[in-house]
Amino acid sequence: MLSVLSYGRIVARAVLGGLSQTDGRDYSLITASCGFGKDFRKGILKKGMCYGDDACFIARHKSADVLGVADGVGGWRDYGVDPSQFSVTLMRTCERLVKEGRFTPSSPVGILTSSYYELLQNKVPLLGSSTACIVVLDGRSHRIHTCNLGDSGFLVVRGGEVVHRSDEQQHYFNTPFQLSIAPPGAEGAVLSDSPEVADSSSFDVQLGDIILTATDGLFDNMPDYMILQELKKLKNTSYDSIQQTARSIAEQAHELAYDPNYMSPFAQFACDNGLNVRGGKPDDITVLLSIVAEYTD
Amino acid sequence: MFTFCVNSVNSGDSASTDRSHRWIESTEYAQRSTQTQRCTSWTRRGLRFPTQTQPCCSMFPMLTLLSMFYYICLRRRSRSGTRSESLGSRRAVELGQRSALPVTVEVEQYGKEVLDFSSHYGSENSMSYTMWNLAGVPNVYPSSGDFTQTAVFRTYGNWWEKCTSSGPSFRRTPPNFHSQDYLELAFEEPVYPTAVEVLETYHPGAIIRILACSLNPFSQNPPADVRWEVLWTGKPCKSLSPQARQFSPGIRQISFPTNLLRLEINSSLLEYYTELDAVILRGVRERPILALYKIPVIDINELSDSEEEISDAGGLCCRSTVEHRHVLGNGFFDRLPYELIQLILSHLPIPDMCRLAQTCKLFHKHCSDPLQYIQLSLQPYWARLTDTSLCHLQSRCALLQRLNMSWTGNRGALTPAGFCSFMSACGVSLVCLELSCCHFLTEACLEVIAQTCSCLQELNLASCDRLQPQAFNHIAKITSLRRLVLYRTKVEQSAVLSILTFCPELQHLNLGSCVMIEDYDVVVGMLSARCRSLRSLDLWRCRNLSERGLVELVSGCRLLEELDLGWCSTLQSSSGCFQQLARSLPRLRKLFLTANRTVCDSDLEELAAHCNALQHLDILGTRMVGPASLRKLLQSCPQLKLLDVSFCSQIDSRFVQELTSLFPNVSIKKSFTQ
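This write-up is about the structure you can find in this document. (Residues numbered from 1 in each chain as written. Chains lettered and ligands numbered in written order. Predicted model: local features only at pLDDT ≥ 70, side-chain atom pairs only at ≥ 80, totals over all residues. Heavy atoms only, no water.)

When you go through chain A residue by residue, the secondary structure sums to 7 helices and 15 strands. Summarising its shape, the C-alpha atoms of chain A cover approximately 85 × 45 × 35 Å along the three principal directions. Looking at chain A residue by residue over its 297 residues, the buried ones come to 52%. The contacts in chain A between residues at least 6 apart in sequence include a share of 72% that link residues at least 24 apart. Just so you have it, chain A exposes about 13,800 Å², and 54% of that area is on carbon and sulfur atoms. Seen as two clouds, the 26 positive and the 36 negative side-chain charges of chain A have centres 7 Å apart. (Helix = DSSP H or I, 4+ residues; strand = E, 2+ residues; numbered from the N terminus. Buried < 20%, exposed > 50% of the residue type's maximum accessible area, 1.4 Å probe, protein only. Contact = heavy atoms within 4.5 Å. Areas by Shrake-Rupley, 256 points an atom, 1.4 Å probe, with all protein chains shown as cover. Lys, Arg positive; Asp, Glu negative; His and termini not counted. Charge placed at Lys NZ, Arg CZ, Asp CG, Glu CD.)

Attention now moves to the overall build of chain B. Of regular secondary structure, chain B possesses 20 helices and 21 strands. Taking all 674 residues of chain B together, 50% fall into the buried category. Partitioning the contacts of chain B with sequence separation of at least 6, the portion at a separation of at least 24 is 80%. Summed over its atoms, the accessible surface of chain B is roughly 30,700 Å², and 54% of this surface lies on carbon and sulfur atoms.

Right, let's get into the interface of chain A and chain B. Opposite the 16 residues of chain A that make contact, chain B presents 27 residues. Both sides of the chain A and chain B interface together cover about 1,800 Å² of buried area, and 52% of this is carbon and sulfur. At the boundary of chain A with chain B, the tally comes to 1 salt bridge. A salt bridge links Lys123 of chain A to Asp146 of chain B; the shortest N-O distance between them is 2.9 Å. Of the residues that constitute the side of chain A that touches chain B, the class distribution is 7 nonpolar, 3 polar and 6 charged. (Buried area = accessible area lost by both parts, 1.4 Å probe. Salt bridge = Lys/Arg side-chain N within 4 Å of Asp/Glu carboxyl O. Nonpolar A, V, L, I, M, F, W, Y, C, P; charged D, E, K, R; others polar.)

The step from Tyr141 of chain B to Pro142 of chain B runs through a cis peptide bond, and the omega angle for that step is 10°. Even without being a glycine, His142 of chain A presents a positive backbone phi close to 60°. Here His142 of chain A shows up in the loop between β6 (132-138) and β7 (143-149). With relative accessibility at 12%, the residue His142 of chain A sits in the buried group. The residue Arg172 of chain B is not glycine, and still its phi comes out positive at about 65°. With respect to the helices and strands, Arg172 of chain B occurs in the loop between α6 (159-162) and β4 (181-202).

Here the focus is the sheet that holds strand β12 (residues 432-434) of chain B. All names here are of chain B. Strand order in the open sheet formed by 12 strands is β10-β11-β12-β13-β14-β15-β16-β17-β18-β19-β20-β21, and the pairing between neighbours is parallel. The outermost strands of the open sheet, each flanked by one partner alone, are β10 (375-377) and β21 (667-669). With direction set aside, neighbouring strand axes in the sheet form an average angle of 5°. In this sheet, strand β15 (residues 508-510) lies alongside strand β14 (residues 483-485) in parallel orientation, the contact comprising 3 bridges. Following the sheet pairing, Arg483 is matched in β15 by His508. (Pairing = 2+ DSSP bridges. Axes fitted to C-alpha atoms, helices over the stretch in contact; angles between N-to-C directions.)

Attention now moves to the nonpolar core. Formed by 115 residues in total, the largest nonpolar core has its most connected members in Ile475 and Leu563 of chain B. Among residues more than four places away in sequence, those in contact with Ile475 of chain B are Leu446, Leu459, Leu461, Leu481, Leu484, Leu486, Ile499 and Cys503 of chain B. In this structure, Phe103 and Leu112 of chain A together with Val152 and Trp160 of chain B belong to the second largest nonpolar core, which totals 46 residues. (Core = buried A, V, L, I, M, F, W, Y, C linked by side-chain atoms within 4.5 Å.)

This part covers the environment of Glu113 of chain B. All names here are of chain B. Of note, Glu113 is situated in strand β2 (residues 113-117). Considered as a pair, Glu113 and Arg548 are 435 residues apart in the sequence and their alpha carbons are 41 Å apart. When sequence neighbours within four positions are dropped, the list of residues in contact with Glu113 reads Ala135, Glu184, Leu185, Ala186 and Phe218.

What follows concerns the packing of helix α17 (residues 577-584) of chain B against helix α18 (residues 601-610) of chain B. Residues and elements named next belong to chain B. Across the interface, α17 lies against α18 with an axial gap of 8 Å and an inter-helix angle of 5°. By the angle between their directions, the pair α17 and α18 is classed as roughly parallel. Every residue of α18 that contacts α17 at Phe578, Gln579, Ala582 and Arg583 is listed here: Ser602, Asp603, Glu606, Leu607 and His610. (Parallel < 35°, antiparallel > 145°, perpendicular 65-115°, else oblique.)

Residue and element names in this part refer to chain A. Strands sit in the order β1-β15-β14-β8-β9 across an open sheet of 5 strands; the sheet is antiparallel. Strands at the two margins of the open sheet, each flanked by one partner only, are β1 (27-36) and β9 (161-165). Within this sheet the neighbouring strands show an average axis-to-axis angle of 25°, counted without direction. Here strand β8 (residues 153-158) pairs with strand β14 (residues 210-214) via 5 bridges, running antiparallel. Across the sheet, the residue bridging to Val157 is Ile210, located in β14. Contacting β8, β9, β14 and β15 (285-294), helix α5 (residues 224-232) crosses the sheet at an angle of about 55° to β8. Helix-sheet contacts for helix α6 (residues 239-257) involve β1, β14 and β15, and the interaxial angle to β1 is about 35°.

Take a look at the structure:
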């Protein structure tokens, strides 16, 4: 009788212990950014977090960490419009929305939609277009929510392997999905995708997962195995080592971009589509490297 | 010892403080020693003294008296000679006392939440140019310019007052009340304020009053008694430059801790929209003992004296001295004709009338005459108006025709029941009713207004954003309506359509920022069908008005003089709607096409050809307008007074300067972000 009770007690304790959440602590992202503009003259950081026509942001609100990258479409330069204005304003507005808490962590598409709407509320008549990729870590639920519009994207690396990646969205070769504001009258001629067509995904993360968010300047020049090789060199979760690794990835991509004989993923894709090209793809490169760690104040 | 003392007393006229102190010390020593030791000690020191005790005894009290006397005299001389030293010693004493108490720490806070405001430039579900940007740390300061991250009000200057769509102003406004807009900002922690700093980033100088509230808006059980105290008040001033500045006026010390500030704005002298970035409240947690800041000289007339209440006006003070005065002579004031006294009193503001009514029966009779209360503006007294005040005013307001209760009654000061009873008693002959920002209003109040005020012609419910949508259905019963303002309310499409159906005499309609209306084309179609005498229409930020709707509007409402289509981004100029507008409305005086990026040269040319009475034009943010068409417009519209070409990329500041010199009567606005 007594042994039954004690046995029951042990079982109950084990079951309850298994049912309860393993970890009550919040997660957070430790993020470092690095990048290079395509045009060497514009390599100087204009307003911070802006590399050529690319822009990015890192922000935090309560228990949510949010990152974003945007790649300004360079074709606007031919029409006298600065392509970086759109992407930089989009990312700055996303940052402001996050800092003021006007978002839901489980819906990064909401951030993109609100930010796009805010761009239209600006007195200054903005023109231009860009891709966008937003990654949100909900520290409490330990889930990552992402949305991606265009050919920027993210990789999630766990134990030296890619466990999640984003899909590229392209209309046709070298024409990704893009948010845009067109001059009046030219709305038919300018590609403009709504924020609703962005790809969304959500998944759980564990401590130590590495998330690499970048524009196509990285993915078109460095295949996965090279990125994974660089990531193996990440020693610990300190900000300095993450910054160093991000820098090395970006630098390597930048070197490969200007190598005329190197068979880059971009060249491979072009060959698959019938264009006989070889070499890297000179482009703006933006790399945001993050590690999931426990939240410390 | 004693001869020594006597000698030094004789030579005491040249006493310095040091010597006097030494002398005092020696005297005290002498006094003490006389008490302890007697003649034996003296003889030991070799001084000669009579050995008898009696003469010694007689000398001792005398000496004590003398020493006391000189002690007092010399202390007084030292005090007069070195006053600062003694003052310093007193301050040192006080500081010593103060250091024993806990040191008061100054707390610095940024705004936590904007709770209420009368208007703003931005859209209701946006963050650009909206009043909510005032909370938190500054985003723009110290840069200057027209940025999206600032708080901007809807109007500036006196351009809107000049339009016929704003009603005539109320008489008897007190001379120190100039406020046009307000905002209420809550902070985290209640403190006794020592300084308030406002970071203004564009065209500063609009703030004219800062008030503090005793209520904590975040507390669970609010007190019944809410007090507002004026921290600072000033006059509207002409802005010298549009550059950013930190505005930190000297504020009064108040007797209660506060975490709710109210800023009142008047931008009538400013060249363009004023923009605010942040507000910093500095204060201490404990009541300050000494003044921690200089108290400015406040004009006694500007202070809000909470003792004088309109509610006291009800009391009848029957003075027995009235008969006494008859005997003595009272200056024969009562010999004046009734109408003349009425005329004199018609220049007094309402609180003075109420105070006057308490002085004697004659004045009470005059001040209670309903003919004095045909126009009543209670907006300047929003902080003090309560149900009892309305109750007491009821008896005098039977002939009320124009009533302004904007801004009143918030935070529990007025109840719907009190307002309804006032309306039922006094609203029968009401012609104009201003109720902007009255958050106490409910559907029942509007029902009473609709029932009682059968000849109401003007109704202003701007920014009554807590009023439920079904309340607006009652407005349709007021069939004589000529002017209706529903800016920033939650009115729905069905209510608007029924109002337009039953109020065909509408001349001025404001549906700006009414976000609950789904299809403006339908609304505008009904307008053109039913309200043919429409003179002014404000459709600011109506999101889905299309070209078809606009063409229908201008074909039906031919008498339109003012049309505000700011931020209506769905209108496309390529459909020809603006040209159609210009052709159909020859009487057009005000046209706002703010941020419609499609306005082009041909539109301006049509306006130049047909709308020669144009006075106000806003074409902010278009890339398609060039210098030539602008010049032609200015030449063809000689009465043009306001032209806003901010952010028009083809119009640069050099050209604007050229136009200003050619057309000096036109105020050309070119905003910048820097």
